[in-house]
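Take a look at the letters that make up each chain.
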Amino acid sequence: MRGLTLVDGDSVAFGVREGVEKNQTWAALFGENRGVTVRNLAIHQNTIGASLEKLPQILGYSPAWYIAQFGQWSLFRPRGDHCAEPVGEFRERGRLLIEALQASKVSVCFVTPPPQLYHWGFARDIRGYLAVIRELKAAYSISLLDAHSYMAEDIVYNSWKEVDSWFDAHGRDPLHYSAKGHAKVAEYFNLPEHRHIGI
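Computed from a prediction, not measured in an experiment: that's the story for all the values here. (Residues numbered from 1 in each chain as written. Predicted model: local features only at pLDDT ≥ 70, side-chain atom pairs only at ≥ 80, totals over all residues. Heavy atoms only, no water.)

Before going further, it helps to examine the overall build of the protein. Across its full length, the protein holds 10 helices and 5 strands. Looking at the protein residue by residue over its 199 residues, the buried ones come to 51%. Accessible area of the protein: about 9400 Å², with a carbon and sulfur share of 52%. (Helix = DSSP H or I, 4+ residues; strand = E, 2+ residues; numbered from the N terminus. Buried < 20%, exposed > 50% of the residue type's maximum accessible area, 1.4 Å probe, protein only. Areas by Shrake-Rupley, 256 points an atom, 1.4 Å probe, with all protein chains shown as cover.)

In structure tokens:
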């Protein structure tokens, strides 16, 4: 019997975007494609630190899998020159979160943040968060769906019109996936190397 999958993260994983319905997010599509029950705990402006604080709630669900997409809000600068969650804190809190989940026999998968952040002056910042996520994958043998790299590669081979349909880069909300963008991330979960996730 397949257990519950929890999805966590910030507004990207939650699906904050005008015109995107809850059943169109990558989390919902993942559950539909896998035939598993998914509960999406992602919220706007969430960070790994905030999720670490709600760890008792997370473990209270007794999930089989915990899939999280963090990093977008972490690198923003709501306090001027300071990121919401600097890279060093992101690393340490990520380590503590993974260790606690694995100690409770929960399988962990991280999803990297989307690549359109490069277009908004966050190139230096996003590289730091990507590096930490990949370090954590290597250190703790968690699963990693590198949506950032997959999308960056797909961008090279697709027309700008197609790419723009994933993010609406010239529209009112260029930072969150459109319904097509969520569907694209859901496709990556179906690649052979990721079919074990959620099972």
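With that out of the way, let us pick up the side chain of Thr 5. Tracing the chain through its elements places Thr 5 in strand β1 (residues 5-9). Apart from the residues lying within four places of it in its own chain, the contact partners of Thr 5 are Phe 30, Val 36, Thr 37, Val 38, Arg 39, Trp 65, Ile 67 and Gly 198. (Contact = heavy atoms within 4.5 Å.)

This part covers the packing of helix α2 (residues 26-34) against helix α10 (residues 179-189). Taken N-terminus to C-terminus, the directions of α2 and α10 make an angle of 40°; their axes are 8 Å apart at the nearest point. Taken together, the axes of α2 and α10 are oblique relative to one another. As α2 packs across α10, the resulting crossing turns out to be right-handed. On α10, the residues that touch Trp 26, Leu 29, Phe 30, Asn 33 and Arg 34 of α2 are His 182, Ala 183, Val 185, Ala 186 and Phe 189. Of the residues assigned to the contact of α2 with α10, the class counts are 7 nonpolar, 2 polar and 1 charged. (Axes fitted to C-alpha atoms, helices over the stretch in contact; angles between N-to-C directions. Parallel < 35°, antiparallel > 145°, perpendicular 65-115°, else oblique. Left-handed = near helix turned anticlockwise from the far one by under 90°. Nonpolar A, V, L, I, M, F, W, Y, C, P; charged D, E, K, R; others polar.)

Inspection of the secondary structure assignment puts Gly 35 in the loop between α2 and β2 (38-40). A residue is classified by how much of its surface remains accessible, and Gly 35, at 58% relative accessible area, is exposed. Put simply, Gly 35 and Ile 199 are 164 residues apart on the chain and 9.4 Å apart in space, counted from C-alpha to C-alpha.

We now examine the packing of aromatic side chains. Think of a pair of aromatic rings as described by two things: how far the centres are apart, and how the planes are tilted against each other in angle. Under the definition given, this model contains 5 aromatic pairs. Members of the aromatic cluster, each reached through a chain of ring pairs, are Trp 26, Phe 30 and Phe 189. (Phe/Tyr/Trp six-rings, centres within 6.5 Å; stacked < 30°, edge-to-face > 60°.)

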